[in-house]
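Reading the structure
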Amino acid sequence: MDLSNFTTLQNLESAFGGESMANRKYLFFANVARQLGFSDLAKLFKETADQETEHAFAHFELLHPELVVKDAAGLTDEQKREIVSRCLSLAIEGETYEYTTMYPEFAAAAQNDRDNPAAEEFLKQAQESSDHANTFRAAAHRFGLLKFIENYHADRYTEALELLNGGQAVTRVAGEDPQTQKWICRQCSMIYDPVVGDPDSGIAPGTPFAQIPDDWSCPICGATKKTFKPLEEKVAA
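Residues numbered from 1 in each chain as written. Predicted model: local features only at pLDDT ≥ 70, side-chain atom pairs only at ≥ 80, totals over all residues. Heavy atoms only, no water.

Let us now look at the environment of S217. With respect to the secondary-structure elements, S217 resides in the loop between β3 (191-192) and β4 (228-230). Looking at S217, the relative accessible area reads 31%, which means it is partly exposed. Along the backbone, S217 and T227 are ten residues apart, and their C-alpha atoms lie at a distance of 9.0 Å. When neighbours within four sequence positions are excluded, S217 is seen to be in contact with G222 and A223. (Helix = DSSP H or I, 4+ residues; strand = E, 2+ residues; numbered from the N terminus. Buried < 20%, exposed > 50% of the residue type's maximum accessible area, 1.4 Å probe, protein only. Contact = heavy atoms within 4.5 Å.)

Structure, rendered in structure tokens:
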């Protein structure tokens, strides 16, 4: 579908929002009806809510065709990672907008109207959105770093197997340039690369390990900075 038409794009987003809101609204109605003893009405609201979900999904698939999975078995691991990474990126973007812009503005407006309960609710939701965003960021960071950890372990296992079969031992040394010297977590094998940094934790690319604050912790397992040691890498033959 061509999403270059701004009006169609806006209409799709509005339709998705409307169907999504209807789903939650009908689920709320179902809960009310159930509490009041109207089980048949509760069932009707629940069934309609499920239908609204399908409508919302159909709209979202048009908005984000890159997320549509038709044959998971036919996808490469890299393609699967790209799709899940995109989901995480959209989740972070949405939650970040909520806690940095939407809820603070709503809370300010409620305070102007002297509606303290609404203001408190908006501020509470802003904090929850911030927590959600941080959770998604951690997941995204963990998701991206796991690939390097897996590669590191696979490389070491391959070396051990070759040595067991009569091969030569591989020479490894730690780099000496602080700008490029990598460090590895002794607890989970997460690798800190100063060239990349750790932007999600506020560590800018190009930051040598020694310049990282002492209260920084491993984004994978939470180990302290002291748990890291210089990474010994293969010496080029």
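Don't stop here, the text continues.
Bringing the sheet that holds strand β2 (residues 183-185) into the picture now. Pairing is antiparallel in the open sheet, where three strands are placed in the order β3-β2-β4. For this open sheet the edge positions go to β3 and β4, each flanked by a neighbour on one side alone. Pairing geometry for β2 and β4, over three bridges, is antiparallel. Directly across from I184, in β4, lies its bridge partner K229. (Pairing = 2+ DSSP bridges.)

Enumeration according to the criterion identifies 13 aromatic pairs in this entry. Residues F16 and F60 carry aromatic rings whose centres are separated by 4.9 Å and whose planes lie at 40° to one another, so their mutual orientation is tilted. Pair noted here: F16 is in helix α1 (residues 6-35) and F60 is in helix α2 (residues 39-63), with a separation of 44 residues, a long-range link. A relative accessible area of 29% places F60 in the partly exposed class. (Phe/Tyr/Trp six-rings, centres within 6.5 Å; stacked < 30°, edge-to-face > 60°.)

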